[in-house]
Amino acid sequence: MMKTLTTNKLFTPIQVGPMELKHRVVMAPLTRSRSVQPGSIPGDLMLEYYSQRASDGGLIVSEGTSISVAGGGWFGAPGLYSEEQVSGWKRITDAVHRKRGLMFSQLWHTGRAAHVDSTNGATPVSASVNPEYWQDATIQESTPHGWRQPSPHRALHIREIPGIIEDYRKAAERAKAAGFDGVDLHAGNGYLPDQFLQDGVNRRSDSYGGSLNHRSRFLLQVVKAMLTVWGGNRVAVRIAPGGRWNGMSDSDPEALFDYIAKELNQFGLAYLHIIEPRVRGNVVIAEDQYAIAAARLRKLFKGKIIAAGGFEPGTAEQVLEKGDADLVAFGRHFLANPDLPKRIRLGLPLNAYDRNSFYTFDAHGYTDYPFYEQRSESVTTAV
């Protein structure tokens, strides 16, 4: 049994934008592929899943939610581009609110990380064309026909970019209609905004490529569009400094993300959501590494920080005590423990998570993880 953590920093209240949270254990955005097909509509299974994980005064960030058909490169991921999807999400946010929880919608465009079978035939788009990406057999996308290498992508023409930004704005509007408490822009892990940010991918020579100012233009324009719907204190941004997932790289990642953190100060965001480079996708690759990205950007970003990526209860407490983050997002442990905040607070053992069911399509490994009171035998944390 872990030491009881009833008085630690994780369980002190905190103001996030206009919202008062009762604890700092955040449910991270977790792609789980359980929306209803066709239509990518949140259904009963997703309703049960999020309802199970809602807690009094706790924050949930939804799984990545596609802003358009063409931006939806992951089979089974839900969307926010149809009225049916809005209605499905509204049932979920209502259930979270009944448990006095709060929920942000993570808005997602996968860019080049897509296969045409999941985009209704639309060619994936990116900042630039990088054939080595779709030729890499280690990169796999979820499609209606199983795992496939990404389809060849094309570079966005500069005239198309305002239309993509408008898709983000419309999705932000639909998130409000669906009852979310705010929106979290996914700008990490090699998805479209990240493809503009990092110069290992962005090879443009126009006003969206080259200098830090130009490469950050797309991200900042999307944030500004979302602010017209929500205001700054209900908008958040998720970044992955130094992250190499999805074929990403940058010649000077510290300079890039230092610049981004400082630029985002102008918006008065609800929080900056930072994925630590010790994780690649959903796997921890540097188990003992401290939260170095959060620690660095804490010196530059003036608002609240959520640190994410490979945290255990003890390391989460450590990063809060050091002041390098204000909240901590848990992924693998939250999917396996619907009552995770309670378990951490009381020092209860954690259910083991099953990687084989992360991206499957039914209730197994999704809504059948037991609450602590339902356990028939002792289960310990997975390694």
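Per chain, the residues get numbers from 1 upward, laid out in the order the sequence is written. In keeping with the model being predicted, local features are shown solely for residues with a pLDDT of at least 70 and side-chain atom pairs are shown and tallied solely at 80 or more, while totals for entire chains, interfaces and linings include all residues. In computing side-chain properties, one takes all heavy atoms of the structure into account and sets aside hydrogens as well as water.

Regarding the overall build of the protein
In this text, helices come from DSSP runs of H or I with a minimum length of four residues, and strands from runs of E with a minimum of two, each type numbered from the N-terminal end. Helix and strand content of the protein: 12 helices and 16 strands. Along the first, second and third principal axes, the C-alpha set of the protein runs to 55 × 45 × 40 Å. Relative to all contacts within the protein whose residues are 6 or more apart in sequence, the contacts with residues 24 or more apart total 74%. For the protein, the accessible area works out to roughly 14,400 Å², and carbon and sulfur atoms hold 51% of it. Counted as positive: Lys and Arg. Counted as negative: Asp and Glu. His and the chain ends are not counted at all. By convention, the point assigned to a charge is CZ for Arg, NZ for Lys, CD for Glu and CG for Asp. Placing the 43 positive and 40 negative side-chain charges of the protein at their respective mean positions leaves the two points 4 Å apart. Residue contacts are counted whenever heavy atoms from the two residues lie within 4.5 Å of one another. Accessible areas in this description were obtained via Shrake-Rupley with a 1.4 Å probe; residue shielding takes into account the shown protein chains only.

Thoughts on the packing of helix α4 (residues 161-177) against helix α7 (residues 217-230)
In a packed pair of helices, the relevant descriptors are the angle between the two axes and the axis-to-axis distance. Taken N-terminus to C-terminus, the directions of α4 and α7 make an angle of 35°; their axes are 9 Å apart at the nearest point. Judged by the sense of rotation from one axis to the other, the crossing of α4 with α7 is right-handed. For the pair α4 and α7, contact is made by Ile161, Ile164, Ile165, Tyr168, Arg169, Ala172, Glu173, Ala175 and Lys176 and by Phe218, Gln221, Val222, Ala225, Met226, Thr228, Val229 and Trp230, respectively. Residues are grouped as follows: Ala, Val, Leu, Ile, Met, Phe, Trp, Tyr, Cys and Pro are nonpolar; Asp, Glu, Lys and Arg are charged; every other residue, Gly included, is polar. A class-by-class count of the residues in the contact of α4 with α7 yields 12 nonpolar, 2 polar and 3 charged. To obtain an axis, a line is fitted to C-alpha atoms, over the contacting stretch when the element is a helix, and the angle between two such axes runs from 0 to 180 degrees between their N-to-C directions. Handedness of a crossing follows from how the near helix is turned relative to the far one, being left-handed for an anticlockwise turn of less than a right angle and right-handed for a clockwise one.

Let's talk about the environment of threonine 12
Within the secondary structure layout, threonine 12 lies in the segment before β1 (14-16). Of the residues examined, threonine 12 reaches a relative accessible area of 25% and is grouped as partly exposed. Once the C-alpha coordinates of threonine 12 and serine 105 are considered, the two residues, 93 residues apart in sequence, prove to be 24 Å apart. Once residues within four sequence positions are removed from consideration, threonine 12 is found in contact with Lys22, His23 and Arg24. A distance of 2.7 Å separates a polar side-chain atom of threonine 12 from the backbone oxygen of lysine 9. Under the rule applied, a polar contact is a pair of N or O atoms within 3.5 Å (in protein, one hydrogen donor and one hydrogen acceptor; residues adjacent in sequence only if both atoms are side-chain atoms). Within the structure, the side chain of threonine 12 is placed 3.1 Å from the side chain of arginine 24, a separation counted as a polar contact. Under the scheme applied here, a residue whose accessible area is under 20% of the maximum for its type counts as buried, over 50% as exposed, and between as partly exposed, the area being computed with a 1.4 Å probe on protein chains only.

Considering helix α10 (residues 313-321)
Where α10 is concerned, the buried positions are Pro313, Ala316, Glu317, Val319 and Leu320. Seen along its axis, α10 keeps its buried residues to an arc of 165°; they face one direction. Summarising the geometry of α10, the exposed residues directed more than 90 degrees from the buried face are Gly314 and Glu321. On its buried face, α10 sits against β16 (327-330) and α12 (340-346). Immediately beyond the C-terminal end of α10, within one or two residues, lies glycine 323, with a positive phi of roughly 80°. Regarding the arc, it is the one traced by the directions from the helix axis to the C-beta atoms.

Some points on the side chain of arginine 238
Looking at the element boundaries, arginine 238 is found in strand β11 (residues 235-239). What counts as a salt bridge is simple: a side-chain nitrogen of Lys or Arg found within 4 Å of a carboxyl oxygen of Asp or Glu. Among buried Asp, Glu, Lys and Arg side chains, arginine 238 stands out as unpaired, with aspartate 184 the closest opposite charge at 5.5 Å. A distance of 3.2 Å separates polar atoms of two side chains, one belonging to arginine 238 and the other to histidine 273. If sequence neighbours within four positions are ignored, arginine 238 has contacts with Ala28, Pro29, Gln106, Asp184, Leu185, His186, Ala187, Gly188, Asn189, His273, Ile275 and Ala308.

Looking at the side chain of arginine 34
Mapped onto the fold, arginine 34 is located in the loop between β3 (25-27) and α1 (44-53). Aspartate 362 provides the closest opposite charge to the buried, salt-bridge-free arginine 34, at an N-O distance of 4.5 Å. Within the structure, arginine 34 has its side chain in polar contact with the backbone oxygen of serine 357 (distance 3.2 Å). Within polar-contact distance, the side chain of arginine 34 engages the backbone oxygen of phenylalanine 358 at 3.2 Å.

Some words on the pattern of salt bridges
A complete count under the given rule lists 17 salt bridges for this structure. Where salt bridges share partners, they join Lys22, Asp56 and Arg100 into one cluster.

A short note on the confidence of the model for the protein
A residue's pLDDT is the predictor's confidence in that residue, given on a scale from 0 to 100. Considering every residue of the protein, the mean pLDDT works out to 95; 96% of them sit at 70 or more. In this model, residues 377-383 is a region of pLDDT below 50 whose contacts with residues beyond four sequence positions or in other chains number 13 contacts.

Observations regarding the pairing of strand β12 (residues 271-275)
Burial within β12 is extensive, with 5 of its 5 residues counted as buried. Burial along β12 is two-sided: Tyr271, His273 and Ile275 and Leu272 and Ile274, pointing in opposite directions, are all buried. Pairing between two strands is assigned when DSSP locates at least 2 bridges connecting them. Looking at chain direction, β11 and β12 are connected through 4 bridges and run parallel. In the sheet register, arginine 238 faces β12, and the bridge partner there is histidine 273. What joins β11 to β12 is helix α8 (residues 253-264), and the crossover it makes is right-handed. Consider the strands pointing away from the viewer: the crossover is right-handed when the path from the first strand over the helix to the second runs clockwise.

Quick notes on the packing of α1 against helix α2 (residues 83-98)
Taken N-terminus to C-terminus, the directions of α1 and α2 make an angle of 20°; their axes are 9 Å apart at the nearest point. Judged by the inter-axis angle, α1 sits roughly parallel to α2. Our pair here, α1 against α2, has a crossing hand that is right-handed. Each of Asp44, Met46, Leu47, Tyr50 and Ser51 in α1 lies in contact with α2, whose residues at this interface are Trp89, Arg91, Ile92, Ala95 and Val96. Residue composition of the contact of α1 with α2, by class: 7 nonpolar, 1 polar and 2 charged. Comment on the angle field: the value is read as roughly parallel under 35 degrees, roughly antiparallel over 145, roughly perpendicular from 65 to 115, and oblique elsewhere.

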